[in-house]
Amino acid sequence: MAASASSAINLSIKPSHTPLSWKTHLSSTSALAVSPLSGHRQYPRFVIYAVGDKPTVLVAEKLGEAGVNLLKEFADVDCSYNLTPEELCNKISLCDALIVRSGTKVSREVFESSGGRLKVVGRAGVGIDNVDLAAATEHGCLVVNAPTANTVAAAEHGIALLTAMARNVAQADASVKAGKWLRNKYVGVSLVGKTLAVMGFGKVGSEVARRAKGLGMHVIAHDPYAPADRARAIGVELVSFDKAISSADFISLHMPLTPATNKVLNDETFSKMKKGVRIVNVARGGVIDEDALVRALDAGIVAQVALDVFTVEPPKDSKLVQHENVTATPHLGASTMEAQEGVAIEIAEAVVGALNGELAATAVNAPMVPAEVLSELKPFVALAEKLGRLAVQLVAGGSGVKSVKVTYGSARGPDDLDTRLLRAMITKGLIEPISSSFVNLVNADFTAKQRGLSIAELRSLLNGSPESPLEFIQVQISSVESKFASALSDSGEIRVEGRVKDGIPHLTKVGSFEVDVSLEGSIILCRQVDQPGMIGKVGSILSEGNVNVSFMSVGRVAPRKHAVMAIGVDDQPSKEILKRIGEIPAVEEFVYLKI
Ligand SMILES: NC(=O)c1ccc[n+]([C@@H]2O[C@H](COP(=O)([O-])OP(=O)(O)OC[C@H]3O[C@@H](n4cnc5c(N)ncnc54)[C@H](O)[C@@H]3O)[C@@H](O)[C@H]2O)c1
Ligand SMILES: O=C(O)[C@H](O)COP(=O)(O)O
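Per-chain numbering applies: the sequence of each chain, read as written, is numbered from 1 onward. By the order in which they are written, chains take letters starting at A while ligands take numbers starting at 1. Residues qualify for local features only when their pLDDT is at least 70, as the model is predicted, and side-chain atom pairs are given and counted only at 80 or more; totals for whole chains, interfaces and linings, by contrast, use all residues. To obtain the side-chain values, all non-hydrogen atoms of the structure were used and water was disregarded.

Details of the sheet that holds strand β13 (residues 326–328)
Using the following cut-off: A pair of strands is labelled paired if DSSP reports no fewer than 2 bridges between them. A run of H or I in DSSP becomes a helix once it reaches four residues, and a run of E becomes a strand once it reaches two; helices and strands are each numbered from the N terminus. Should any heavy atoms of two residues lie within 4.5 Å, those residues are counted as being in contact. Axis definition: a line fitted to C-alpha atoms, limited for helices to the stretch in contact. Angles are taken between N-to-C directions and run from 0 to 180 degrees.
Read from one edge to the other, the open sheet built from 7 strands follows the order β9-β8-β7-β10-β11-β12-β13, with strand pairing classed as parallel. Since the sheet does not close on itself, it has two edges, and those belong to β9 (237–238) and β13, each with one partner. Bridge count between strand β11 (residues 277–281) and strand β12 (residues 302–307): 5 bridges; the pairing is parallel. Paired with valine 277 across the bridge in β12 is valine 302. Where helix α7 (residues 203–214) meets the sheet, its contacts fall on β7 (195–199), β8 (218–222) and β10 (250–253), and the angle it forms with β7 comes to roughly 170 degrees.

Given below as structure tokens:
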């Protein structure tokens, strides 16, 4: 019985017409592909490769050996470093996955050149500012990163730069090697008791803070999104941006490069800093306006800076790098043996998993669905796509679909049901039969929006056991004509509804007729005047055409009135066979639908 949630329409799930159904043959569900990596769950709808096929992975920057070996167990691996943008674009149409570090620009042209083959970009590291995410999403290409394995390495490099800068290690080393002995020139400053402002209190920032506290520094941090309890646990005060930069003796940058952080250190913000401030940047070069930094160094506002990252790498502006108060390293933050092995394994597992159809835990441009949730939802995900496919094929002149309403009937509360995956698959089912678009979890929302297709999701909160995540999914398409008028609900929308039975998706309602047919193979829907012998007549025409019937079900209003017969068929009936079904006198309308 349906109790309507505040956002849900009030649905009656009490059968209005009793379905009569029997099964002539039920094929077993196809076996799941086996991953070479143990412990990975498989999700057949996203599997891209048939058994025996090997995808090709292009590794465009040096990757730790353990990661390359892992990739080789599953894929043909092409390690080609230092490709020009043109060479990358030329190669990419032969690749299913691409792995890069920060040195390769994965531009829109790369996605456009891939001809739809590129399915995954793996960023062997944290920052994804070198990947055009919008273009990736538009092309249905998943982007994954390796966000944890280089955290400690980056934090250690930040501390190395902080201490080296304070004691002029790099400059003094160069002068000794040049035969000089300048003990008075390279007098440094102490760290103990000084205030360090950590800008960006994420993984690296908090590890830097922890270490700086160990050096006796007073640490404050600015991060609009950081949880206060994490800061409290480390003994760090979270403060505003202005307070952080104006009270710091040292500033260490650890935020991502985003439109909000682009050139966040500029003439105006330098002018708010304490005279003689010292700055470390192991985040991204673009967070500093480099011309303004040279001015601040020349004016003595900034006494020293230590830079691991630059707006353009390698840096072209020798004025900054050559400045005597600048210590520079060539983007070495993640470059320890340990971090590179860790990152390589992290990204190889993510890429192989994604190519195998798993939803990556480190997906950057797709919803992350925990494995337990995924395994529960798996049969409903298949149902969702099939209902989308059926519904759109019922539209007369398919491409006019603009407004779709999806109702999820569930005894679970709205917070316990993540529908993003279901919505994506319904979208895939709605769009793919009527277009040449390739739709997946990554680009489903984008593709729907681009086509002007709006999908409204509603919940029907049911009483009963919440053991199963869903009882039914209903897809309704409004403001269209149907090529099978019986699929229209009383309110004039095309309506199909399905359930999962014994792990298999079933069609359970068409318009206001209750049916029960397993969603495998294809379906013939046929409206007839309910009378004896109809099932036999249709069945024998199909058997004369050598069409194997897998399932039949009749939903009727009342005995001897209208009925809708749903027939599951394994083989595609010829036009002649379909014509003969249409010619049975009691048949009022029929439609053949590919699932
Ligand atoms: N130099 C290197 O080799 C190297 C190595 C690792 C990471 N990094 C870079 O370091 C940065 C941090 O990496 P992470 O792993 O700690 O990432 P993270 O996502 O764990 O942390 C980033 C933090 O920045 C915060 N943030 C976002 N916008 C902000 C803003 N406007 N102001 C202040 N804080 C803001 C976020 O809330 C988050 O807490 C990234 O830019 C990454 O690319 C560089
Ligand atoms: O964002 C990152 O992970 C770091 O900047 C490391 O970049 P890299 O992989 O090029 O060393």
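Some thoughts on the site of ligand 2
The condition that has to hold: One heavy atom within 4 Å of a molecule or strand is enough for the residue carrying it to be called near that molecule or strand. N or O atoms closer than or at 3.5 Å make up a polar contact, with two conditions inside protein: a donor-capable atom paired with an acceptor-capable one, and, for residues adjacent in sequence, both atoms drawn from side chains. Computed by Shrake-Rupley with a 1.4 Å probe, the accessible areas treat only the displayed protein chains as cover when residues are assessed. Residue classes follow a fixed rule: Ala, Val, Leu, Ile, Met, Phe, Trp, Tyr, Cys and Pro count as nonpolar, while Asp, Glu, Lys and Arg count as charged, and any other residue, Gly among them, counts as polar.
Around ligand 2, the surrounding shell consists of Arg101, Ser102, Arg123, Ala124, Gly125, Val126, Gly127, Asn150, Arg284, His331 and Ala334. In this structure, an oxygen atom belonging to ligand 2 sits 2.6 Å away from a main-chain N or O atom of valine 126. Expressed as a share of its isolated accessible area of 310 Å², the protein-covered part of ligand 2 is 91%. For the shell around ligand 2, the per-class residue count stands at 3 nonpolar, 5 polar and 3 charged.

Let's talk about the nonpolar core
Spelled out, the test is: Residues grouped as a nonpolar core are buried Ala, Val, Leu, Ile, Met, Phe, Trp, Tyr and Cys residues, joined through side-chain atoms within 4.5 Å. Residue exposure (1.4 Å probe, protein chains only): buried if accessible area is under 20% of the type maximum, exposed if over 50%, otherwise partly exposed.
With 52 residues, the main nonpolar core has Leu394, Val404, Leu422, Ile473, Ile477, Leu507 and Leu525 as its most contacted residues. A per-element tally of this core places helix α14 (residues 371–393) first, with 10 residues. The residues touching leucine 422, leaving out its near neighbours within four places in the chain, are Leu377, Phe380, Val381, Ala384, Tyr408, Leu470 and Ile473. With 31 residues, the next largest nonpolar core counts Ala197, Val239, Ala244 and Ala283 among its residues.

Structural notes on the environment of valine 110
With respect to the secondary-structure elements, valine 110 resides in helix α3 (residues 108–113). In this structure, the C-alpha to C-alpha distance between valine 110 and lysine 91, residues 19 residues apart in sequence, is 9.3 Å. Excluding anything up to four places from it in sequence, valine 110 contacts Leu88, Cys89, Ile92, Leu98 and Lys105.

Side note on the environment of valine 496
Tracing the chain through its elements places valine 496 in strand β17 (residues 494–501). Given the relative accessible area of 1%, valine 496 is considered buried. If sequence neighbours within four positions are ignored, valine 496 has contacts with Leu387, Ala391, Leu394, Ile473, Gln474, Val475, Leu507 and Lys509.

Some remarks on unusual backbone geometry
With an omega of -5 degrees, the peptide bond between glutamate 313 and proline 314 qualifies as cis. In this fold, proline 314 is placed in the loop between β12 and α12 (318–322). We note that asparagine 82 has phi near 55 degrees; this positive angle belongs to a residue other than glycine. Its place among the elements puts asparagine 82 in the loop between β3 (76–79) and α2 (85–92).

What about the side chain of serine 410?
Checked against the element boundaries, serine 410 lands in strand β14 (residues 403–410). On the basis of relative accessibility, which here comes to 3%, the residue serine 410 falls in the buried class. Reaching out from serine 410, the side chain makes a polar contact with the backbone oxygen of proline 469 at a distance of 2.7 Å. Residues in contact with serine 410, not counting those within four places in the same chain, are Leu417, Ser460, Leu461, Leu462, Pro469, Leu470 and Glu471.

Remarks on the site of ligand 1
Taken together, 25 residues lie around ligand 1, and Lys203, Val204, Asp223, Val282 and Asp308 are the ones closest in. Between ligand 1 and aspartate 223, the relevant distance is 2.6 Å, taken from an oxygen atom to a side-chain nitrogen or oxygen of the residue. In this structure, an oxygen atom belonging to ligand 1 sits 3.3 Å away from a main-chain N or O atom of glycine 333. When the free accessible area of ligand 1 is taken as 860 Å², the share hidden by the protein chains comes to 86%. Grouping the amino acids of the shell around ligand 1 by side-chain chemistry returns 12 nonpolar, 9 polar and 4 charged.

Quick notes on the packing of helix α1 (residues 65–72) against helix α13 (residues 337–355)
Which entries qualify depends on this criterion: Here the angle decides the label: under 35 degrees means roughly parallel, over 145 means roughly antiparallel, 65 to 115 means roughly perpendicular, and every other value means oblique. Each crossing gets its handedness from the near helix: less than a right angle anticlockwise from the far helix is left-handed, clockwise is right-handed.
Running from N to C, α1 and α13 cross one another at 20 degrees; their axes reach a closest spacing of 7 Å. Viewed along their axes, α1 and α13 adopt a mutual orientation that is roughly parallel. The chirality of how α1 crosses α13 is right-handed. On α13, the residues touching Glu65, Ala66, Gly67, Leu70 and Leu71 of α1 are Glu341, Ala344, Ile345, Ala348, Glu349, Val351 and Val352.

A look at the pattern of salt bridges
Heads up, the rule is: Definition used for salt bridges: Asp or Glu carboxyl oxygen within 4 Å of a side-chain nitrogen of Lys or Arg.
Under the criterion given, the structure shown has 28 salt bridges. Aspartate 96 is the salt-bridge partner of arginine 117, the closest N and O atoms lying 3.0 Å from each other. Of this pair, arginine 117 sits in the loop between α3 and β5 (120–123) while aspartate 96 is found in the loop between α2 and β4 (97–100), placing the two residues 21 residues apart along the sequence. Aspartate 96 sits in the buried class, given a relative accessible area of 6%. Of the charged contacts in the structure, one is a salt bridge between arginine 284 and aspartate 129, with a shortest N-O distance of 2.9 Å. With arginine 284 in the loop between β11 and α11 (290–298) and aspartate 129 in the loop between β5 and α4 (133–138), this pair connects stretches of sequence that are 155 residues apart. By relative accessible area, which is 13% here, arginine 284 ends up buried. Using a relative accessible area of 33% as the deciding quantity, one classes aspartate 129 as partly exposed.

Concerning helix α18 (residues 575–582)
What counts, and what does not: What the arc covers is the set of directions going from the helix axis to the C-beta atoms.
Looking at α18, one finds that the buried residues are Ile577, Leu578 and Ile581. Down the axis of α18, the buried set is contained in an arc of 100 degrees. They therefore lie on one face. For α18, the secondary structure elements touched by its buried residues are β20 (522–529), α17 (534–544) and β23 (587–594).

Topic: the sheet that holds strand β15 (residues 454–461)
One open sheet holds the 6 strands; their spatial order is β15-β14-β16-β17-β18-β19, and the pairing between them is mixed. Edge positions in the sheet fall to β15 and β19 (513–518), since each has one partner strand and no second. For this sheet, the mean inter-axis angle between neighbouring strands, taken without regard to orientation, is 20 degrees. On top of the sheet, helix α15 (residues 420–431) reaches β14, β15 and β16 (472–478); it is set at about 140 degrees to β14, its chief contact.

Observations regarding the environment of leucine 578
Turning to its location among the elements, leucine 578 is positioned in helix α18. Accessibility expressed as a relative area gives 14% for leucine 578, which makes it buried. It is 72 Å that separates the C-alpha atoms of leucine 578 and histidine 157, two residues lying 421 residues apart in sequence.

Some thoughts on the packing of α17 against α18
Between α17 and α18, the shortest axis-to-axis distance is 10 Å and the interhelical angle comes to 165 degrees. The angle between the axes of α17 and α18 places the two elements in the roughly antiparallel class. Here α17 runs over α18; the crossing is right-handed. Contacts between α17 and α18 involve Val538, Ile541, Leu542 and Glu544 from the first element and Ile577, Arg580 and Ile581 from the second. Split by residue class, the contact of α17 with α18 holds 5 nonpolar, no polar and 2 charged.

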